[in-house]
Amino acid sequence: MQTRQIISTLMTGIKAQKEQLPLLDHPFIPEMEIEERPELPFYTYFVYDWYNAETYNGVNNEMYTMKIQLKSHADSDMDAIDMANTVRKVLCSLDLHSRFRQQGLMVVTVDDLPNMDEKFATRFECVSGVDVQLQVVDDWIDQSQGGKEIKNIDLNNILKTKGEKDESNFDQTKF
């Protein structure tokens with residue numbers, strides 16, 4: 001799954017609730033692509049940690065986490081906080097979790113960001129937001145080996161945790 005797909009799925013999931021939650025009916029803009037500040041209020045998003053592997057050297061259907069900041073920009077602290085809290089509520093909703101699971105995504109954590117007011121030459125913006133950690137199950141399959149996969153290996157009987165003994169193959173007479 002490509003980063004654009006992940007962001008698109010995230011934004012679509014959030015915006016799907018705008019009928020019920022009108023505070024979501026404002027534009028979501030990539031934070032690093034803002035050339036000219038839009039009219040207040042609006043949201044920005046920024047992927048600040050795009051890959052943390054869950055497995056070592058995984059390739060096929062790899063699981064990893066991605067961290068994204070979603071910020072609300074408004075002309076008052078209360079509006080910015082309410083907008084950020086609305087996004088937090090949606091990201092914690094069971095409906096959204098169910099829809100994300102079908103697409104290989106899972107919201108792991110949603111944490112509040114401290115208020116970050118910004119002063120520009122022409123105006124003052126109140127900014128609040130949430131920090132989201134997503135777990136992604138990538139849909140990529142390595143076809144470099146002609147589609148062959150190693151399957152049905154049970155590592156539970158091969159790998160033991162430190163200090164754990166495999167009593168079935170342990171023969172004390174061989175010491």
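Small disclaimer: the values here were computed from a predicted structure and weren't measured.

K.L.:
Give a detailed account of the environment of L40, specifying residues and quantitative values.
P.N.:
Relative to the helices and strands, L40 resides in the loop between β1 (28–30) and β2 (42–53). Sequence-wise, L40 and D75 are 35 residues apart; in three dimensions their C-alpha atoms are separated by 6.6 Å.

K.L.:
Go over the side chain of E125 with me, naming the residues and quoting the values.
P.N.:
By secondary structure assignment, the location of E125 is in strand β6 (residues 124–137). Side-chain polar atoms of E125 contact the side chain of H73, separated by 3.0 Å.

K.L.:
Help me get a handle on the nonpolar core, residues and values and all.
P.N.:
Ranked by size, the top nonpolar core spans 30 residues in total, and within it I6, I14, I68, L70, V87 and L91 carry the most contacts. Of all the elements in the fold, those that place two or more residues in this core are α1 (3–15), β2, β3 (63–74), α2 (77–91), α3 (94–102), β4 (105–113) and β6. With residues near it in sequence (within four places) discarded, I6 still touches M1, Y64, M66, L105, L134 and V136.

K.L.:
With reference to specific residues and values, describe the layout of surface pockets.
P.N.:
In this structure, the largest pocket encloses a volume near 240 Å³. Breaking the lining of the largest pocket down by element, the ones donating at least two residues are α1 and β2. For the lining of the largest pocket, the leading source of residues is α1, giving four residues. Along the lines of polarity and charge, the residues of the lining of the largest pocket split into six nonpolar, two polar and three charged.

K.L.:
An account of the packing of α1 against α3 is requested, with residue identities and associated values reported.
P.N.:
Running from amino to carboxyl end, α1 crosses α3 at an angle of 150°, the nearest separation of the two axes being 10 Å. Between α1 and α3, the angle falls in the class roughly antiparallel. In this structure, α1 meets α3 at a crossing whose hand is right-handed. Residues T9, L10, G13 and I14 of α1 touch α3, and the partners they reach there are L96, R99 and F100. Across the contact of α1 with α3, the residue classes tally to four nonpolar, two polar and one charged.

K.L.:
Please give an account of the pairing of β3 that cites residues and values.
P.N.:
With respect to burial, β3 is a largely interior element, ten of its twelve residues being buried. As judged from the nine bridges shared by β2 and β3, these two strands associate in the antiparallel manner. By the bridge assignment, F46 is partnered in β3 with Q69. Here β3 pairs with β6 via twelve bridges, running antiparallel. What sits directly across from Y64, in β6, is V136.

About the criteria used
- Residues numbered from 1 in each chain as written.
- Predicted model: local features only at pLDDT ≥ 70, side-chain atom pairs only at ≥ 80, totals over all residues.
- Heavy atoms only, no water.
- Helix = DSSP H or I, 4+ residues; strand = E, 2+ residues; numbered from the N terminus.
- Polar contact = N/O pair within 3.5 Å; in protein donor to acceptor, adjacent residues only side chain to side chain.
- Core = buried A, V, L, I, M, F, W, Y, C linked by side-chain atoms within 4.5 Å.
- Buried < 20%, exposed > 50% of the residue type's maximum accessible area, 1.4 Å probe, protein only.
- Contact = heavy atoms within 4.5 Å.
- 1 Å grid on protein atoms, 1.4 Å probe; cavity = no way out; pocket = protein on both sides within 12 Å on 5 of 7 lines; lining within 4 Å.
- Points joined across faces, edges and corners; volume = space filled by probe spheres on them.
- Nonpolar A, V, L, I, M, F, W, Y, C, P; charged D, E, K, R; others polar.
- Axes fitted to C-alpha atoms, helices over the stretch in contact; angles between N-to-C directions.
- Parallel < 35°, antiparallel > 145°, perpendicular 65-115°, else oblique.
- Left-handed = near helix turned anticlockwise from the far one by under 90°.
- Pairing = 2+ DSSP bridges.

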